[in-house]
Amino acid sequence: MSKSKSSKTLSLLLGAGAMAAAVAGLVQAQAPSMEQAQATASMADFMTRIVQPTSDAVFYISRTPPADDAAWRELENKTLMLAESANLLLIAGYRQDTEQWLQDSLLMRDASVRAWQAAQARDLDALVELNNDLYTSCENCHMATR
Ligand code: HEC
């Protein structure tokens, strides 16, 4: 194929692509869908930037228990973020469509909702106690998927 012919083919393809995108845009505009809630980052980024730092606040609770009200409020924020992260594991781009994935995500949510409640109640013992459940929810999914 000559150079000019292949670049013509390319621009035709691009034109078709732009048209398809425009049509898709129209369809989307007409019918917004829950599937438009899409993952923003890679799974690895989501895990290391959001899930890890917020769950560490729970995992290291015995070593560094909240010393004052501000620290407790910070823990409330982190445990709420963690609980909502478990929900985000179920959006398009993060989720894997298996029963196991759903189960492990719900397990993580259950443990982190309890962490949020314990943080609000300033209940250090409850936070120490739910550590195992939270850890298990991470491990179950990692063993199944990594
Ligand atoms: C429902 C599944 C699921 C749950 C629950 C889960 N993870 Fe993950 N996690 C993954 C997957 C899949 C990867 C691999 C991401 C990749 O490298 O592509 C991962 C990777 C990671 C990584 C490594 C990221 C990297 O740099 O590659 C860390 C750290 C991590 N998870 C922490 C946690 C912690 C802490 C919890 C529990 C509070 C948790 N995860 C719960 C699925 C899950």
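Here the structure is shown first, and the text comes after it.
So, here is what we can say about the structure in this document.

## What to know about the site of the ligand
Neighbouring the ligand are 18 residues; Met 47, Ser 55, Cys 138, Cys 141 and His 142 lie closest to it. Of all elements in the fold, only helix H2 (43-59), helix H4 (99-120) and helix H5 (124-145) reach the threshold of two or more residues within the shell around the ligand. A per-element tally of the shell around the ligand places H2 first, with seven residues. Grouping the amino acids of the shell around the ligand by side-chain chemistry returns nine nonpolar, seven polar and two charged.

## A look at the coordination of the iron atom of the ligand
Met 47 (SD) and His 142 (NE2) make up the full set of protein donors to the iron atom of the ligand, lying at 2.0 to 2.4 Å. For the iron atom of the ligand, the six donor atoms are set out with angles of 81 to 178° between them, so the coordination reads as octahedral. Of the two residues, Met 47 sits in helix H2 while His 142 sits in helix H5, which places them 95 residues apart along the sequence. What makes His 142 partly exposed here is its relative accessible area of 25%.

## Considering the packing of helix H3 (residues 69-88) against H4
Between H3 and H4, the least distance of the axes is 8 Å, while the angle of their chain directions is 160°. Taken together, the axis directions place H3 and H4 in an arrangement best described as roughly antiparallel. Once H3 is placed against H4, the crossing between them reads as left-handed. Across the interface between the two elements, Trp 72, Leu 75, Glu 76, Thr 79, Leu 80, Leu 82, Ala 83, Ser 85, Ala 86 and Asn 87 of H3 pack against Ser 105, Met 108, Arg 109, Ser 112, Val 113, Ala 115, Trp 116, Ala 118, Ala 119 and Gln 120 of H4.

## Considerations on the nonpolar core
Counting 21 residues, the largest nonpolar core has Leu 75, Met 108, Leu 127 and Leu 134 as the members making the most contacts within it. Mapped by element, the contributors of at least two residues to this core are H2, H3, H4 and H5. A per-element tally of this core places H4 first, with six residues. Setting aside residues up to four positions removed in sequence, Leu 134 forms contacts with Ser 55, Val 58, Phe 59, Leu 82, Met 108 and Ala 111.

## Considerations on the side chain of Asn 131
Inspection of the secondary structure assignment puts Asn 131 in helix H5. We classify Asn 131 as buried; its relative accessible area is 14%. Of note is the side chain of Asn 131, whose polar atom sits 3.1 Å from the backbone oxygen of Val 58. Apart from the residues lying within four places of it in its own chain, the contact partners of Asn 131 are Val 58, Phe 59 and Ile 61.

Conventions used here
Residues numbered from 1 in each chain as written. Predicted model: local features only at pLDDT ≥ 70, side-chain atom pairs only at ≥ 80, totals over all residues. Heavy atoms only, no water. Near = heavy atom within 4 Å. Helix = DSSP H or I, 4+ residues; strand = E, 2+ residues; numbered from the N terminus. Nonpolar A, V, L, I, M, F, W, Y, C, P; charged D, E, K, R; others polar. Donors = N, O, S within 2.8 Å, 3.2 Å for Na, K, Ca; no water. Tetrahedral: all angles 85-135°; square planar, octahedral: opposite > 155°, others 65-115°. Buried < 20%, exposed > 50% of the residue type's maximum accessible area, 1.4 Å probe, protein only. Axes fitted to C-alpha atoms, helices over the stretch in contact; angles between N-to-C directions. Parallel < 35°, antiparallel > 145°, perpendicular 65-115°, else oblique. Left-handed = near helix turned anticlockwise from the far one by under 90°. Contact = heavy atoms within 4.5 Å. Core = buried A, V, L, I, M, F, W, Y, C linked by side-chain atoms within 4.5 Å. Polar contact = N/O pair within 3.5 Å; in protein donor to acceptor, adjacent residues only side chain to side chain.

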